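Chain and residue survey
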Amino acid sequence: MGDNGSAIWDTYAATFDEEPDHGLRDPSVRSAWASLLASVLPVAPVPVVDLGCGTGSLTTLLAEAGHHVYGLDASSNMLKVARHKAAHHGVAVSLIRGDVSRPPFALGSFDVVLVRHVLWAVQDPETTLARWIGLLRPQGRLVLIEGRWATGAGLSAAECTSLVRRHGRKAELRLLDEDPLWGKTITDERYLLLSRQ
């Protein structure tokens, strides 16, 4: 999702957080996401990048957990919301406008690359995933949160697992069907894929 898609996301920025799992305004939803992330990330502090960070909800949670967090998004309006959110929660994060398919970071910069609901939408998932993996330090963790939604959009767990394994990486899958994560009951496929070397 390069600059050509940023205008679309700019229009969603003002209302994006109205979905319970986007804004994490409900304390129980926020707590569920904080617990989920803590279960797959190394002990803080480590450098983490949140690619396609949107309004910064997960970026802020990661910073609250003590990590050194960078957020990247193509939408300047989303990043404005993310900056306000980080300030509101009293955490420091580095927010950068850029293309998630070509992240502007040095190779081997991060212990964790976190990407939520983005891989399915990029034009070239194979090449983009290779770039994301390249950002990892040795023993780094790739955390993908994806799904195949009721609309038919998305990436199935089987497709995502196959894609990650083609890059010579392990893939540990966890279904995310717990209501507290989404603030409602879901019927489509949502999952977290943790990849280590």
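Residues numbered from 1 in each chain as written. Predicted model: local features only at pLDDT ≥ 70, side-chain atom pairs only at ≥ 80, totals over all residues. Heavy atoms only, no water.

The strand order 3-2-1-4-5-7-6 describes an open sheet built from seven strands, whose pairing is mixed. The open sheet has two edge strands with one neighbour each: strand 3 (94–97) and strand 6 (172–175). Averaged over all pairs of adjacent strands, the angle between their axes in this sheet comes to 15 degrees, without regard to strand direction. Judged from the four bridges that link them, strand 1 (residues 47–51) and strand 4 (residues 110–116) form a sheet pairing that is parallel. For Leu-51, the partnering residue across the bridge sits in strand 4 and is Val-115. Along the sheet face, helix 4 (residues 57–64) touches strand 1, strand 2 (68–73), strand 3, strand 4 and strand 5 (136–148) and points at about 170 degrees away from the line of strand 2. Taken strand by strand, helix 7 (residues 157–165) contacts strand 5, strand 6 and strand 7 (189–195), and its axis lies near 15 degrees from that of strand 7. (Pairing = 2+ DSSP bridges. Helix = DSSP H or I, 4+ residues; strand = E, 2+ residues; numbered from the N terminus. Axes fitted to C-alpha atoms, helices over the stretch in contact; angles between N-to-C directions. Contact = heavy atoms within 4.5 Å.)

By the definition in use, this model includes seven aromatic pairs. Between the aromatic rings of Trp-33 and Trp-182, the centroid separation amounts to 5.3 Å while the plane-to-plane angle is 85 degrees, which identifies the pairing as edge-to-face. With Trp-33 in helix 3 (residues 27–40) and Trp-182 in helix 8 (residues 179–182), the pair connects residues that are 149 residues apart, well separated along the chain. Here the two residues Trp-33 and Trp-182 agree in accessibility, since each one is buried. Each ring, one from Tyr-70 and one from Phe-105, has its centre 6.0 Å from the other, and the planes form 70 degrees; the classification is edge-to-face. Here the residue Tyr-70 occupies a position in strand 2, and Phe-105 occupies one in the loop between strand 3 and strand 4, the gap between them amounting to 35 residues. Taken together, the aromatic side chains of Trp-9, Tyr-12 and Phe-16 make up a single cluster linked through ring pairs. (Phe/Tyr/Trp six-rings, centres within 6.5 Å; stacked < 30°, edge-to-face > 60°. Buried < 20%, exposed > 50% of the residue type's maximum accessible area, 1.4 Å probe, protein only.)

Take the packing of helix 3 against helix 4 next. The N-to-C vectors of helix 3 and helix 4 enclose an angle of 65 degrees; their axes lie 10 Å apart at closest approach. The handedness of the crossing between helix 3 and helix 4 comes out as right-handed. In this structure, helix 3 contributes Arg-30, Trp-33, Ala-34 and Leu-37 to the contact, and helix 4 contributes Leu-58, Thr-60, Leu-61, Leu-62 and Glu-64. Tallied by class, the residues present in the contact of helix 3 with helix 4 amount to six nonpolar, one polar and two charged. (Left-handed = near helix turned anticlockwise from the far one by under 90°. Nonpolar A, V, L, I, M, F, W, Y, C, P; charged D, E, K, R; others polar.)

The subject of this paragraph is the side chain of Thr-161. Looking at the element boundaries, Thr-161 is found in helix 7. Judged by relative accessible area, Thr-161 falls into the buried class, the value being 11%. Within the local environment of Thr-161, its side chain forms a polar contact with the backbone oxygen of Ala-157, the two atoms lying 2.8 Å apart. Contacts of Thr-161, omitting those with residues within four sequence positions, involve Ala-171, Leu-173 and Leu-193. (Polar contact = N/O pair within 3.5 Å; in protein donor to acceptor, adjacent residues only side chain to side chain.)

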